[in-house]
Amino acid sequence: MYMSDVASQLSAGLGRLRSYVRRRMRDPDGMEDVVQETLVRVIEQERRQVIEQPLAYAFRVADSVIMAGARKSSREAGLDDLDFACELPLADEVLDYRQRLARFEAALERLTPQRRAVFRLRHIDGKSRQEIAAELDLSLEAVKKHLVRAMADLTLSLGGDWASDWKQGATGATGHG
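A brief look at the structure comes next. (Residues numbered from 1 in each chain as written. Predicted model: local features only at pLDDT ≥ 70, side-chain atom pairs only at ≥ 80, totals over all residues. Heavy atoms only, no water.)

**Some thoughts on the overall build of the protein**
A count of helical and extended segments in the protein gives 9 helices and 0 strands. Starting at the N terminus, the α and β elements of the protein follow one another as α-α-α-α-α-α-α-α-α. Burial analysis of the protein (177 residues in total) assigns 33% to the buried set. Sequence separation of 24 or more characterises 61% of the internal contacts of the protein that already satisfy a separation of 6 or more. (Helix = DSSP H or I, 4+ residues; strand = E, 2+ residues; numbered from the N terminus. Buried < 20%, exposed > 50% of the residue type's maximum accessible area, 1.4 Å probe, protein only. Contact = heavy atoms within 4.5 Å.)

Written out as structure tokens, the structure is:
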């Protein structure tokens, strides 16, 4: 049976993912459930759009699954009204995010106007490639070309920051859809 590139990368990093989840959970018995839910979500997302770094994305998804489980547990326990900790990000996290956002916006501005427009419509406005083609009077192939080249240009511009910046962005995954 054929194993997709994403599935093989996830399979190769499964031990790391389990360790990551185990360290973040209060209930070690639920670790396998979180890992399984994470894998399902990553594979489902891959069906909708390309994920450039599936294992890194899986770590982010695992965090979301853990947080959703914690919220559900607190609701079930009637702890919604209690404030145990501030949910706001720490000041250094805000500063780091703002710096990464500024680097991303500067890299985006260096794209050609049409490439930037295609990228924004797809990844920020969430429009389909077909909608973008119609809106900008481009062929579907031209839209695909602009998306691929925009991703390549941004990757070159941002280097190592690209994966972490993008994965924490609005869409949660890299891809062309």
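From this point, things continue past the structure.
**Description of the packing of aromatic side chains**
This model, assessed by the stated rule, comprises 2 aromatic pairs. Ring centres of tyrosine 20 and phenylalanine 59 lie 4.6 Å apart, and the angle between their planes is 45°; on these two criteria the pair is classed as tilted. A residue pair is termed long-range when its members are at least 10 positions apart, and tyrosine 20 in helix H2 (residues 14-24) and phenylalanine 59 in helix H4 (residues 54-76) qualify at 39 residues. Accessibility classification places tyrosine 20 together with phenylalanine 59 in one group, the buried group. Taking the centre distance of 6.2 Å and the plane angle of 50° together, the rings of phenylalanine 104 and phenylalanine 119 count as tilted. Taken together, the residues span a long stretch of sequence, with phenylalanine 104 in helix H5 (residues 91-109) and phenylalanine 119 in helix H6 (residues 113-124) at a distance of 15 residues. (Phe/Tyr/Trp six-rings, centres within 6.5 Å; stacked < 30°, edge-to-face > 60°.)

**A look at the nonpolar core**
Counting 20 residues, the largest nonpolar core has Leu17, Val21, Met25, Val34, Val35 and Val42 as its most contacted members. Those elements that place two or more of their residues in this core are helix H1 (5-12), H2, helix H3 (31-48) and H4. Considering each element in turn, this core owes the most residues, 8 residues, to H4. In contact with methionine 25, other than residues within four places in its own chain, are Gly30, Met31, Val34 and Ile66. Counting 9 residues, the second largest nonpolar core, distinct from the first, contains Leu108, Phe119, Ala150 and Leu158. (Core = buried A, V, L, I, M, F, W, Y, C linked by side-chain atoms within 4.5 Å.)

**Here's the deal with the pattern of salt bridges**
Applying the stated criterion across every chain yields a total of 9 salt bridges. Across the pair glutamate 37 and arginine 41 runs a salt bridge whose closest N-O atoms are separated by 2.8 Å. You can see glutamate 37 and its partner arginine 41 sitting in helix H3, 4 residues apart, about one turn around the helix. Taking the relative accessible area as the measure of exposure, arginine 41 reaches 33% and is therefore partly exposed. Its salt-bridge partner being arginine 120, residue glutamate 109 comes within 3.4 Å of it at the nearest N-O pair. Pair noted here: glutamate 109 is in helix H5 and arginine 120 is in helix H6, with a separation of 11 residues, a long-range link. (Salt bridge = Lys/Arg side-chain N within 4 Å of Asp/Glu carboxyl O.)

**Details of unusual backbone geometry**
One non-glycine residue, aspartate 137, lies in positive phi territory at about 55°. Mapped onto the fold, aspartate 137 is located in the loop between helix H7 (129-136) and helix H8 (140-158). Relative accessible area serves as the criterion here: at 70%, aspartate 137 is assigned to the exposed category.

**What about the side chain of threonine 38?**
Here threonine 38 lies in helix H3. For threonine 38, the contacting residues outside a window of four places in its chain are Leu17, Ala58, Val61, Ala62 and Val65.

Everything listed here is a matter of geometry and, on its own, says nothing about what the molecule does.
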